[in-house]
Amino acid sequence: MERKLRVRNLSELIDELMEYALKHDLIDDDDVIWSVNKLLELFNTDEYSGPVLEGKIAPENPGRSLSDILDDMTDYAADNELIKAETLNERDLFDTRIMGMITPSPSFVRKRFRRLYKVSPERATDYYYDLSRATNYIRTDRVARDIKWVAETPFGNLDITINLSKPEKDPRDIAKAAETKSSAYPACLLCKENEGYAGGISHPARQNHRIIPIELGGEDYFLQYSPYVYYNEHCIVFNSKHTPMKIDKDTFAKLLEFVKLFPHYTLGSNADLPIVGGSILSHDHFQGGRYEFPMARAGAAAKIRLDGFDDLDACILDWPLSTIRLDSGNRKELVKAADNILQTWRAYTDEDAFIYAETNGVRHNTITPIARKRGRKYELDLVLRNNITTPEYPLGLYHPHQEYHHIKKENIGLIEVMGLAVLPRRLKDELSALEEDIINEKSLRDDPLTASHADWAEEHIIGRYDINSDNISDIVRKEVGIVFSHVLEDAGVFKRTEEGRKAFLRFIKSV
């Protein structure tokens, strides 16, 4: 979309950025001249005639969005050959460098966070989240492009999003990355060494990135937000050390300790095995945020009793994935019970239900845990996971089955487990083409954008609805939501059948 107003005079652009930085409390009045000089150094010029010289800020075009200001600044850099190649990656590296010059120092951010935390946890996270957006670490203009809707399913309303905020790699960047020597610093995208890191062709710039130290279970962790926030205040809590993911008794204790510190947040962990785990298994981390996931609204399918644990309530959750929910005001009791379930599940085999703890020395059973606080009580959802593969299901038996790969083929991680689908960007064009072809009665199989969806559309959409141009989008979105609910059912180890319920209860009795 073409921007309405483009300012190409560097002095005016710098003044706009200074006005923005002051308005969003990124710098003080005393920092303005210093910041201007840092920017002039970056742009390799001494040509400046802005109002800063007169001791005031009065830009010609106040009130523009930060993305517009940075786009114009980056255009200026490209015009003056300060950017090597005008790819999105190169532009991102440059505009992040700009923002790094007006982002408060880590010590300033941490001191202010701690001071606000003494007022309330919400005040502290509100400040930190606003800062992360104001510094363009969270690129709100891109996040706004994500397509989101709510789909009614047999499991209640599920949240659906097509991820458009995470940029695709430019072929020129891919080629350049192949010629660039790889670096082991930072070890991964979650490491604390990313704070202020300049980045490169294969690693995003992080000069505007600030992290908040916290302690969980006597270990050093850091709080940050995801730059691609899939939901409100999508946070990541990562270990100070680059150490692999693991699910154990300490994991449950840390999750519950976090929601005690930040009771307005949910926090969970991806599982610690491939297929059922997250995308970064090499670095211990959790994800959460200030958001009510569909899973949190699920009720009990069956109350259960765990022997030896009288100070908690337990149930099998009415949810597509096989989930045990524990509730108690006693955190130690919850941790002990959760660990008992984990240890039992790790060693559990039920051949009739095709659940194997291990095959050929490779373990398969683990748990995806989620913690939240409800009033004075703590709540733990323990999602039983298994990553076994078979010749028929080489990507995983408890993984989206092939019939749904046209919508979702990727792993079902923590966010999906909680009822929020993060679908690939290809669906934006594919579903749009599908709607158009259905309305115009074109062959879905002849269109490369819709061919993979043809069987599904012919069985579940065409002929089942009174379709017109006004309702086709709603129909397609509804059916996508139904597919996602089936995907979650595929990931459930105990199926929602009579046999599956009996198998689930067999496991409960073994705990």
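One can find the structure itself at the top, above this paragraph.
Residues numbered from 1 in each chain as written. Predicted model: local features only at pLDDT ≥ 70, side-chain atom pairs only at ≥ 80, totals over all residues. Heavy atoms only, no water.

Considerations on the packing of aromatic side chains
- Within this structure, the stated rule accounts for 23 aromatic pairs.
- Where Phe43 meets Phe94, the ring centres are 5.5 Å apart and the plane angle is 75°; that geometry is what we call edge-to-face. In this pair, Phe43 sits in the loop between helix 2 (32-42) and helix 3 (66-79) while Phe94 sits in helix 4 (residues 88-100), placing the two residues 51 residues apart along the sequence.
- Given the relative accessible area of 3%, Phe43 is considered buried.
- By relative accessible area, which is 5% here, Phe94 ends up buried.
- Ring geometry for Tyr231 versus Tyr291: centroids 5.5 Å apart, planes at 35°, classification tilted. You can see Tyr231 sitting in the loop between strand 4 (219-225) and strand 5 (235-239) and its partner Tyr291 sitting in the loop between strand 7 (285-289) and strand 8 (300-304), a full 60 residues away along the chain.
- On the basis of relative accessible area, Tyr231 is assigned to the buried category, the value being 4%. (Phe/Tyr/Trp six-rings, centres within 6.5 Å; stacked < 30°, edge-to-face > 60°. Helix = DSSP H or I, 4+ residues; strand = E, 2+ residues; numbered from the N terminus. Buried < 20%, exposed > 50% of the residue type's maximum accessible area, 1.4 Å probe, protein only.)

A look at the sheet that holds strand 9 (residues 313-317)
- Spatial ordering of the open sheet is given by 3-4-5-7-6-13-14-10-9-8, a layout of 10 strands whose pairing is antiparallel. The open sheet has two free edges, formed respectively by strand 3 (212-216) and strand 8, since each of these has just one partner strand. Between one strand axis and the next, the sheet turns through 25° on average, direction left out of account.
- As judged from the 4 bridges shared by strand 5 and strand 7, these two strands associate in the antiparallel manner. Of the residues in strand 7, the one forming a bridge with Phe238 is His285.
- Along the sheet, helix 9 (residues 249-261) contacts strand 3, strand 4, strand 5, strand 6 (266-268), strand 7, strand 13 (365-374) and strand 14 (377-386); its crossing angle with strand 13, the most-contacted strand, is approximately 20°.
- Relative to the sheet, helix 10 (residues 331-346) contacts strand 10 (323-328), strand 13 and strand 14, its axis offset from that of strand 14 by approximately 10°. (Pairing = 2+ DSSP bridges. Axes fitted to C-alpha atoms, helices over the stretch in contact; angles between N-to-C directions. Contact = heavy atoms within 4.5 Å.)

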